[in-house]
There are 2 protein chains.
Amino acid sequence: MSTEPRRVVIFDTTLRDGEQSPGCSMNLEEKLEVAQALVDLGVDVIEAGFPIASPGDFEAVREIARTVRGSTICGLARCNEKDIDRAWEALKDAPDARIHVFLATSAIHREFKLRMDKDEIIARAVEGVKRAKGYCDNIEFSPEDAARTEPDFLSAVVEAAIDAGATTVNIPDTVGYATPSHFASVIKTLMNRVPNIDRAVVSVHCHNDLGLAVANSLSAVEHGAGQIECTINGIGERAGNCSLEEVVMAMRTRSDYYHTTTRINTPRLVPTSRLLTNITGMQVQRNKAIVGRNAFAHEAGIHQDGMLKERTTYEIMRPEDVGFTHTDLVLGKHSGRAALADRAKALGYHLTGEQLQEVFDEFKKLADKKKEVYDADVAALIEKRMNVVEDQWRLAAFEVHAVGGAEPTVSVTLDHGGEQLSRTTTGGDGPLDALFRTIEEITGVSVTVRDFRVHSVTRGKDAQGESTIEVDHNGRICRGRGVSTDTVEAATLAFLNAINRVVAGAGQPVEARPHDVV
Amino acid sequence: MSTEPRRVVIFDTTLRDGEQSPGCSMNLEEKLEVAQALVDLGVDVIEAGFPIASPGDFEAVREIARTVRGSTICGLARCNEKDIDRAWEALKDAPDARIHVFLATSAIHREFKLRMDKDEIIARAVEGVKRAKGYCDNIEFSPEDAARTEPDFLSAVVEAAIDAGATTVNIPDTVGYATPSHFASVIKTLMNRVPNIDRAVVSVHCHNDLGLAVANSLSAVEHGAGQIECTINGIGERAGNCSLEEVVMAMRTRSDYYHTTTRINTPRLVPTSRLLTNITGMQVQRNKAIVGRNAFAHEAGIHQDGMLKERTTYEIMRPEDVGFTHTDLVLGKHSGRAALADRAKALGYHLTGEQLQEVFDEFKKLADKKKEVYDADVAALIEKRMNVVEDQWRLAAFEVHAVGGAEPTVSVTLDHGGEQLSRTTTGGDGPLDALFRTIEEITGVSVTVRDFRVHSVTRGKDAQGESTIEVDHNGRICRGRGVSTDTVEAATLAFLNAINRVVAGAGQPVEARPHDVV
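For the structure given in this document, a descriptive report is provided here.

Reading the values: rules and limits
- Residues numbered from 1 in each chain as written.
- Chains lettered and ligands numbered in written order.
- Predicted model: local features only at pLDDT ≥ 70, side-chain atom pairs only at ≥ 80, totals over all residues.
- Heavy atoms only, no water.
- Least-squares fit on C-alpha atoms with pLDDT ≥ 70 in both.
- Salt bridge = Lys/Arg side-chain N within 4 Å of Asp/Glu carboxyl O.
- Pairing = 2+ DSSP bridges.
- Helix = DSSP H or I, 4+ residues; strand = E, 2+ residues; numbered from the N terminus.
- Axes fitted to C-alpha atoms, helices over the stretch in contact; angles between N-to-C directions.
- Contact = heavy atoms within 4.5 Å.
- Buried area = accessible area lost by both parts, 1.4 Å probe.
- Polar contact = N/O pair within 3.5 Å; in protein donor to acceptor, adjacent residues only side chain to side chain.
- Nonpolar A, V, L, I, M, F, W, Y, C, P; charged D, E, K, R; others polar.
- Buried < 20%, exposed > 50% of the residue type's maximum accessible area, 1.4 Å probe, protein only.
- Phe/Tyr/Trp six-rings, centres within 6.5 Å; stacked < 30°, edge-to-face > 60°.
- Disulfide = S-S within 2.5 Å.

Here chain B sits on chain A after a turn of 180° about the axis and a move of 0.0 Å along it, with an RMSD of 0.0 Å. The symmetry that links the two subunits is that of a two-fold axis.

Per the counting criterion, the structure on display carries 73 salt bridges over all chains. Note that Glu320(A) is salt-bridged to Arg318(A), the shortest N-O span being 3.9 Å. Linked through salt bridges whose partners overlap, the residues forming this network are Arg286(A), Arg293(A), Arg450(B), Asp451(B), Arg453(B) and Glu470(B).

An order of 18(A)-17(A)-16(A)-16(B)-17(B)-18(B) is seen for the 6 strands of this open sheet, with the pairing classed as antiparallel. Two strands in the sheet have a free side with no partner beyond their single neighbour: strand 18 (476-484) of chain A together with strand 18 (476-484) of chain B. Direction aside, the axes of adjacent strands within the sheet are offset by 10° on average. Bridge count for strand 17 (residues 465-473) of chain B against strand 18 of chain B is 9 bridges, and the pairing is antiparallel. Each bridged residue has a counterpart across the sheet, and for His473(B) the counterpart in strand 18 of chain B is Arg476(B). Taken strand by strand, helix 18 (residues 487-503) of chain A contacts strand 16 (448-456), strand 17 (465-473) and strand 18 of chain A together with strand 16 (448-456) of chain B, and its axis lies near 145° from that of strand 18 of chain A. Lying over the sheet, helix 12 (residues 269-280) of chain B contacts strand 17 and strand 18 of chain B, oriented at roughly 115° with respect to strand 18 of chain B.

Our focus in this paragraph is the interface of chain B and chain A. Each partner contributes to the interface: chain B provides 113 residues, whereas chain A provides 113 residues. Here chain B packs against chain A, burying approximately 9,900 Å² in sum over the two surfaces, 54% of which is carbon and sulfur. Linking chain B with chain A are 6 salt bridges, by the criterion used here. Note that Arg286(B) is salt-bridged to Glu470(A), the shortest N-O span being 3.1 Å. Where chain B meets chain A, there are 21 residue pairs in polar contact (both at pLDDT 80 or more). Top element by residues in the side of chain B that touches chain A is strand 16 of chain B. It accounts for 9 residues. Of the residues belonging to the side of chain B that touches chain A, the class tally is 43 nonpolar, 35 polar and 35 charged. Direction of pairing for strand 16 of chain A relative to strand 16 of chain B: antiparallel, over a ladder of 3 bridges. In the sheet register, His455(A) faces strand 16 of chain B, and the bridge partner there is Arg453(B).

Residues and elements named next belong to chain B. In this structure, Thr 266 sits in the loop between strand 10 (260-261) and helix 12. By relative accessible area, which is 5% here, Thr 266 ends up buried. Of the polar contacts made by the side chain of Thr 266, one reaches the backbone oxygen of Asp 321; its length is 2.6 Å. If we ignore the near neighbours within four places in the chain, the residues touching Thr 266 are Val 248, Met 249, Arg 252, Asp 321, Val 322 and Gly 323.

Here we take up the environment of Val101(B). Residues and elements named next belong to chain B. Within the secondary structure, Val 101 sits in strand 5 (residues 97-104). Between the C-alpha atom of Val 101 and that of Ala 87, which follows or precedes it by 14 residues, the distance is 9.5 Å. Setting aside chain neighbours within four positions, we find Val 101 in contact with Ala 77, Arg 78, Cys 79, Ile 84, Gly 128, Ala 132, Glu 140, Phe 141 and Ser 142.

The next subject is the sheet that holds strand 7 (residues 168-173) of chain A. Across a sheet, strands are paired by hydrogen bonds formed along the backbone, either parallel or antiparallel in direction. Residues and elements named next belong to chain A. As summarised here, the arrangement of the 8 strands in space is 2-3-4-5-6-7-8-9, forming a closed barrel in which the pairing is parallel. Strand-to-strand twist in this sheet, taken as the mean axis angle between neighbours without regard to direction, amounts to 25°. Two strands pair when backbone bridges link them, and strand 2 (residues 9-12) and strand 9 (residues 227-230) are joined in this way by 4 bridges, in the parallel orientation. The partner of Asp 12 across the bridge, within strand 9, is Cys 230. Sheet strands in contact with helix 9 (residues 213-222) are strand 7, strand 8 (201-206) and strand 9, and its direction is about 165° off that of strand 8.

All names here are of chain B. A complete count under the given rule lists 14 aromatic pairs over all chains for this structure. On the numbers, 5.8 Å between centres and 80° between planes, the contact of Phe 436 with Phe 452 is edge-to-face. Taken together, the residues Phe 436 in helix 17 (residues 430-443) and Phe 452 in strand 16 connect sequence positions 16 residues apart. What makes Phe 436 buried here is its relative accessible area of 6%. Residue Phe 452 is classed as buried on the basis of its relative accessible area, which comes to 4%.

As a further point, take the state of the cysteines. Two cysteines, two sulfur atoms, one covalent bond between them: this is a disulfide. All told, the structure shown has 0 disulfides over all chains when counted by the stated rule. No disulfide involves Cys206(B); its sulfur sits 6.5 Å from the nearest other cysteine sulfur, which is in Cys242(B).

With that settled, the discussion passes to the pairing of strand 13 (residues 393-403) of chain A. Residues and elements named next belong to chain A. The pairing of strand 13 with strand 14 (residues 409-416) spans 8 bridges and is antiparallel. The partner of Val 400 across the bridge, within strand 14, is Val 410. Here strand 13 folds back onto strand 14, and the loop between the two strands holds 5 residues, one of which, Gly 405, carries a positive phi near 95°.

Turning to the environment of Leu28(B), a few remarks are in order. Residue and element names in this part refer to chain B. You can see Leu 28 is positioned in helix 2 (residues 28-41). According to the relative accessible area criterion, Leu 28 is partly exposed, its value standing at 28%. Expressed as a C-alpha distance, the spacing of Leu 28 and Val 194, which sit 166 residues apart in the sequence, is 41 Å.

Here's what the structure looks like:
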């Protein structure tokens, strides 16, 4: 037996399973940023989307396939000609593409969703894999709800898919029902019973409904799985997917036990996690393993004492191994463009010359106001720029006059294609509510606020505030984001950003998406 | 073999391991609310605190021991006379008390922290357990960092502790280093090698540094462990502890596999999780298993189609089993005191007659402003009341005049023991920053804002906003919270609440706490 650790393929589905979960939708530019960050992180395969799901999904997979280099680019397709053809159309410009075809196999899915018998399932799977194989060599097949599929039938489907040309067979625990020992037995059965199993990589895709996605993935790896499907911050449908940062750091920290390695550049874990949080506005909880704010915080006194004497008393990983830095104080008013470009790159952003100039102009204004410009300030500036590209309405001016308890008076001036529209109103629950109502009146767009947040992204009284908002416009959900050192302005910008997305027709009605979770 | 499922004891350490983590500190009244909610949830043992750690910890354990009925009340002590005596002093009024004594046993802890050899450790453990046993029968002993302790030595320590009178032996994975199969082998070894193991309940206490706390706990249960130590929302040092809601629902959903049961009243899981979030201000992430906002959200189209045909296609738990309700619309302006009391109780609060009257008065004011009063509104009103009890400074009036881009002018009037102090200032980054600075000037208390958040707790434009803030005053961290339909007012109240905590001497310097993590 070799003493070399076995390399496990990391398949990231942040842009597919993650992106389709409520609160995580991204626009094209945001998806491209995430894809590039995943390359920098060292992800082997990027599942970029589900091309047939919507024109936006198609365009994102196509752009990523055309421009992102350094990882395999994968697109999802149901097991039918139309889906597979559309997936290939999106993927064909990638030098290293994979088509991922899926079909449900469990009894409950066969009966209630597909209304197909076992033979029909196998025939359909074989047809699908063969059609995909006509386009490219790298084919992944997933029997959806595999963890609840009868072992004999699962083995038969997997064998047929490999015979038809699948180079990876992915075993999804679609509903998050597996336990580590149960999932181990599923993988062991396949390894023992499927005669051609050595011709494909066995992959796992675990959901976290019972809090076991990471453990189930590791259990499968212990029994021979060679690929893990996971997402940054564990985002994904319902309770999400296996968290990339947790499963990678578990294999690394316990390499004595798992004897595996990955290609992941672990000091990029925290920056990539923060990039995704900045883009989606979806925070990780403070005690999130690996990337949460408390993950390396030792508050207890005895611990701190122990820590001083010997770090490993209470520390199994070093914060710097996952990309926490001791200080994030970086820039000031005398910092130049090159320094800013450096920090932006370290934070996971890839700016073109023109974009850098725009951000640098904003940076100079900010540095005049603030003595110290932190990494989070820089990230906020970049995010702010990423969010204004599509805006039809821009905030030109606003004024607030509020006496606590009484109805406030606010004035708002918006710019719409060079024309300025102003309105002054009195009423509403406080200044923010009044500002939102006035923007609705000017734009003629009426929405219901589903979620509203403001938080400081940096420290100190001159911190930048970031606001995220989620609005419902006739059943269509749109998010908005705004950043400013003035939190009232940040909130106003966020609301206006959401209105702009409504106007642009962004944010899809949930029901229209033909998405699925593998 | 019996076909009856085995009952596993649920030991909740939200008020001890959870409370000592950054961002989770609670005052006495808040701890009493949580303790009562844990009783309602059906927790078997409540670890209420670490009495010697601080006067606040002592008082909390004593009050919970005196007033909370229905669960065993436990207090933590290091393995020395002073700690154990102090723990008993706090616990003695509880009809059902447990003393929890701990001592580190791993080589690295023996060498670097304790500077004791193996024999000294065993002697100290025996002494500690015997002293505790002199006070009460129910004694738990924890060999700290057990998961990294040599199996032979761990067995010897456990045997000695049981001989000395320990009725529960708890095996902590203090640094979150274990894997499910490794932890199973630790438990199996104890079960096989410790001759008197049948005279004690074997417990586990897992940390989540590698995302494996729930899986490790379940693995131990599979091999005979009879108690799980866990916390609501998985809070706790660093990446937190085993999440109560996840481990309980995993055992319940997969009772076919684990053959275990608990006393937990699962529809109380979501209300208890929300109570803790409301009290600490520490949000769970949206995709948190069981209690996150997305945990039961099925966005994908195919899924929704499948769901319509047969619920179990994609649903392994029903939302109502964990306490999600289909609608939380409950009250309006015509609702009476009894209806409010009912909702408060359903949300996990226990209000005295006087408290109820105060909240009812606020409710009436709110119901005049809002058509629909949601559960979250009611919770916010109660939290608001819980946070003002200690306030020396109260907000009497404020006025804001801000023109976007320019420096705002604000006036604040505070009430201090009946005296009114006012000040008007111009300057700052937006109205909120100006309000905070003006409050600092009036009170003479200067702080650095470490974290600031506002979020809507209910839906719609007339939603209540909740603001939480964390400030640093000469190295001491204080939190503040404020609630209002006006988000600017909510933020101002939160800042003032934090200032009041600074003035009251609340919030401890991190270094002073002699806390430890088991």
